[in-house]
Amino acid sequence: MISAALWTISDGMDLIATSLGQHMFWAKLSYLGAGTISVFLLHMAIEYTGRYKMLGARVTAALLAVPILGFAVTSFNEYHHLSWTGVIQSSTNPRVLTYEHGPLFWFLLAYAFALLMATSAVLVHHARSAPREHRRQSLTLIAGIVIPWAAMVVYVVAPGQFPGFNPSIALALSGLIFISALLRRRLLSLVPIARDTLMETMSDGLVVTDILGNGVVLNPAGARLLGLDAGDQRPRQLGELLGHWPELVERIKHVEDTDSHFTLKRGALHIGFELLPLKDKFGVRQGGLLLARDVTAQVETEGALTRTNEELHTRLADIEELHTELREQAIRDPLTGLVNRRYLNEVLEGELGRAARERYPVSFIMVDIDGFKHINDLLGHATGDLILRVLGSQLLAQIRPGDIACRYGGDEFLVVLTNTDLHDAGRRAQQWRTGFEESSAEIMGLDEPVSISIGVATYPTHGVSAQQVFAAADAALYSAKAAGRNRVIVSSV
């Protein structure tokens, strides 16, 4: 801008100069502004795009050396006439001069045009691959740069055709264009260098869409995760850009005011997405920001953790089942399925304590198989075991929930009937005896039926402890066997 100002002021002063010496002074000074501006334009394009890193301070200084030396040589033009060979005064306005240019002018002009072409090439190359907003910035810059140099072509090709016209006048139009680029295209608030550095190096994928649903920014990580071409930066509709992600397209189109998180799968990849609305300063949504991240390792870890938890729960269930089974095995007789004496001893005192608090009777029924030793000796232990199983299953089927049927030992069984008085206990014992005798021969395939003897006693009639009631029931059983077996004896008070 300093070079442009120097060029414009020098040409303006040349137009209003009143003497030939003043004309020569300002014409020479304009060489410094007109010559250096092309170098600074190229440097600006390089810095703006960030595409080429070779134009450092030394290279810029070397490029500036040519116009500065040209200015130095032009300052002594009256001795060599290399910059211009003469001047022609306008017939209509004596103050307007037309310069007859020498070889140094043409060399400096060619040098400036070469730099201009390089500047334009840098901006055009950037515009071809940049997102839409950056492309508009680049095209605006190209327009502002080309206009004064187009005026220079007119000035050179048709000298004298436009008296008083100078290419520096076109810089005013370039200034308007640059102001538009700064204010409307946000030239300095969307710097491609920052964009390129961030977008190219970030590991997360990024897709920015505008209000029309165009994908305007796509970084390499996003292209890789979404299976797209990172080199294709042209704006495309979401349906074209993400054609193989229909669910993702729908989510982007209907993004709410708040951000959302979700995970989608592509092949073996699990991709986590975060979708955020982009709003202007008035809170109006202008587009969407989509962040993508490879969460495959996280998903696999969570899956492994879930499977491990499921296996753990399964093993815990198996262990619980084994504990239940072991407890059942510990408290039940394996042959008959009835509880054993160990379990009976654990619960009997508690049951009598509850009966005392609630004041209800508990009856003990002792059952013994008649002649069981003789059956074992005569028919074998297999038959004896079968008789035990049949009697155990019948007793188990005929008791109520809360009653206890126990294989007390050998061929003896004890049944504890809760909330049952002596009369009811005797009646039920008689039903068990007759039922077993009637069915035993048929069920077990024996020639003769098997009988049982039963003794009955009741708490608290026959004792206030389990041992007392049991002793009374056992005594009644002994009386039944002594009286000829196959009968029920109820203990006397």
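Everything discussed here concerns the structure shown above.
Calculation notes
- Residues numbered from 1 in each chain as written.
- Predicted model: local features only at pLDDT ≥ 70, side-chain atom pairs only at ≥ 80, totals over all residues.
- Heavy atoms only, no water.
- Helix = DSSP H or I, 4+ residues; strand = E, 2+ residues; numbered from the N terminus.
- Buried < 20%, exposed > 50% of the residue type's maximum accessible area, 1.4 Å probe, protein only.
- Contact = heavy atoms within 4.5 Å.
- Areas by Shrake-Rupley, 256 points an atom, 1.4 Å probe, with all protein chains shown as cover.
- Pairing = 2+ DSSP bridges.
- Axes fitted to C-alpha atoms, helices over the stretch in contact; angles between N-to-C directions.
- Parallel < 35°, antiparallel > 145°, perpendicular 65-115°, else oblique.
- Nonpolar A, V, L, I, M, F, W, Y, C, P; charged D, E, K, R; others polar.
- Phe/Tyr/Trp six-rings, centres within 6.5 Å; stacked < 30°, edge-to-face > 60°.
- Lys NZ or Arg CZ within 6 Å of the ring centre and 35° of its normal.
- Arc of directions from axis to C-beta.
- Patch = residues over 30% accessible without salt bridge, like charges linked within 9 Å, V, L, I, M, F, W, Y side chains within 5 Å.
- Salt bridge = Lys/Arg side-chain N within 4 Å of Asp/Glu carboxyl O.
- Core = buried A, V, L, I, M, F, W, Y, C linked by side-chain atoms within 4.5 Å.
- Left-handed = near helix turned anticlockwise from the far one by under 90°.
- Expected span 1.5 Å × (residues − 1).
- Bend = angle between axes of the 7 residues up to and from the residue.

J.: Can you tell me about the overall build of the protein chain, naming the residues and giving the values?
T.: Regarding its fold elements, the protein chain presents 17 helices and 13 strands. Among the 493 residues that make up the protein chain, the fraction classed as buried is 44%. Considering only intrachain contacts with a sequence separation of at least 6, the fraction spanning at least 24 residues in the protein chain is 59%. Counting every atom, the protein chain has about 26,300 Å² of accessible surface; 60% of that belongs to carbon and sulfur.

J.: Quick rundown of the sheet that holds strand 10 (residues 404-409)? Include the residues and the values.
T.: On the basis of which strands lie adjacent, the open sheet formed by five strands has the order 10-11-9-12-13 and mixed pairing. Edge positions in the sheet fall to strand 10 and strand 13 (488-490), since each of these pairs with one other strand and no more. Strand after strand, the sheet turns through a mean of 20° between neighbouring axes, direction not considered. Contacts from helix 16 (residues 422-444) reach strand 9 (362-369), strand 11 (412-418), strand 12 (452-459) and strand 13 within the one sheet, and its direction differs from that of strand 12 by about 165°. Running at roughly 150° to strand 12, helix 17 (residues 466-482) makes contact with strand 9, strand 10, strand 11, strand 12 and strand 13 of the sheet.

J.: Describe the packing of helix 2 (residues 20-49) against helix 3 (residues 57-74), listing the residues and the values that go with them.
T.: Where helix 2 meets helix 3, the closest approach of the two axes is 8 Å, and the angle between their N-to-C directions is 170°. Our classification of the angle between helix 2 and helix 3 gives roughly antiparallel. Together, Lys-28, Leu-29, Tyr-31, Leu-32, Gly-35, Thr-36, Val-39, Phe-40, Leu-42 and His-43 of helix 2 and Thr-60, Leu-63, Leu-64, Pro-67, Ile-68, Phe-71 and Thr-74 of helix 3 make up the contact between the two elements. Among the residues making up the contact of helix 2 with helix 3, the classes are represented as 11 nonpolar, five polar and one charged.

J.: Please give an account of the packing of aromatic side chains that cites residues and values.
T.: What the rule picks out here adds up to seven aromatic pairs. Among the aromatic side chains, those forming a connected cluster through ring pairs are Tyr-31, Trp-84, Phe-105 and Trp-106. Directly above the ring of Tyr-408 sits Arg-341, whose terminal nitrogen or CZ lies 4.0 Å from the centroid.

J.: Got a sec to walk through helix 14 (residues 372-379)? Specific residues and values, please.
T.: Three or more residues of helix 14 are buried, namely Phe-372, Ile-375 and Asn-376. Summarising the axial view, the buried residues of helix 14 lie within an arc of 100°, below the 170-degree limit, and thus occupy one face. Exposed residues on helix 14 whose side chains face more than 90 degrees from its buried face are Lys-373, His-374, Asp-377 and Leu-378. Buried positions along helix 14 lie against strand 9 and helix 15 (381-398). Positioned one or two residues after helix 14, Gly-380 has a phi angle of 100°, which is positive.

J.: Describe a nonpolar patch on the surface, with residues and values.
T.: A surface patch of nonpolar side chains, about 510 Å² in accessible area, is lined by Leu-173, Leu-176, Ile-179, Leu-182 and Leu-183. For Ile-179, the position within the fold is in helix 7 (residues 171-183).

J.: Please provide a residue-by-residue account of the pattern of salt bridges, values included.
T.: Per the stated rule, a full pass over the model turns up 11 salt bridges. Between Glu-346 and Arg-342 there is a salt bridge; the shortest N-O distance is 3.8 Å. Of this pair, Glu-346 and Arg-342 both sit in helix 13 (residues 341-358), separated by four residues, roughly a single helical turn. Among the residues examined, Glu-346 registers a relative accessible area of 47% and is labelled partly exposed. One salt bridge in this structure joins Asp-424 and Arg-427, with 3.7 Å as the shortest N-O distance.

J.: Would you mind going over the nonpolar core in detail, with residue names and values included?
T.: Residues Ile-37, Tyr-99, Leu-123, Ile-145, Trp-149 and Met-152 are the most contacted members of the largest nonpolar core, which totals 37 residues. Those elements that provide at least two residues to this core are helix 1 (2-16), helix 2, helix 3, strand 2 (97-101), helix 5 (103-129), helix 6 (132-157) and helix 7. Here the element with the most residues in this core is helix 2; it accounts for 11 residues. Each residue touching Trp-149, except ones within four places of it in the same chain, is listed here: Ala-34, Ile-37, Ser-38, Leu-41, Ala-112, Phe-113 and Leu-116.

J.: Give me unusual backbone geometry: which residues, what numbers.
T.: That bond from Tyr-459 to Pro-460 is cis: its omega, 5°, falls within 30 degrees of zero. Topologically, Pro-460 is positioned in the loop between strand 12 and helix 17. Non-glycine residue His-81 carries a positive phi angle of around 55°. Along the chain, His-81 turns up in the loop between helix 4 (77-80) and strand 1 (84-89). Positive phi is not limited to glycine here, since Arg-485 has a value of about 70°. Within the fold, Arg-485 resides in the loop between helix 17 and strand 13.

J.: Hey, could you go over the packing of helix 1 against helix 2 for me, with residue numbers and the actual values?
T.: Axis separation between helix 1 and helix 2 bottoms out at 7 Å; the angle between their running directions is 155°. When the axis of helix 1 is compared with that of helix 2, the two are roughly antiparallel. Considering only the axes of helix 1 and helix 2, their crossing is left-handed. Contacts between helix 1 and helix 2 involve Ser-3, Ala-4, Leu-6, Trp-7, Ser-10, Asp-11, Met-13 and Asp-14 on the former and, on the latter, His-23, Trp-26, Ala-27, Leu-29, Ser-30, Leu-32, Gly-33, Ala-34, Thr-36, Ile-37 and Phe-40. Of the residues belonging to the contact of helix 1 with helix 2, the class tally is 11 nonpolar, six polar and two charged.

J.: So what's going on with the pairing of strand 7 (residues 269-279)? Which residues, and what values?
T.: Sheet topology note: the strand 6 (residues 260-266)/strand 7 ladder contains seven bridges and is antiparallel. Residue pairing in the sheet places Ser-260 in a bridge with Leu-275 of strand 7. Relative to strand 8 (residues 285-294), strand 7 runs antiparallel, the two sharing nine bridges. For Pro-277, the partnering residue across the bridge sits in strand 8 and is Gly-288. Connecting the antiparallel pair strand 7 and strand 8 is a turn made up of five residues, with Gly-283 showing a positive phi of about 85°.

J.: Quick rundown of helix 13? Include the residues and the values.
T.: Look at helix 13: 25 Å from first C-alpha to last across 18 residues, which is about the 26 Å you get at 1.5 Å a residue. Along helix 13, the sharpest change in direction is near 35° and occurs at Val-347. Every buried residue belonging to helix 13 is among Leu-344, Leu-348, Glu-351, Leu-352 and Ala-355, and all of these are buried. Packed against the buried residues of helix 13 are strand 9, strand 10, strand 11, strand 12 and helix 17.

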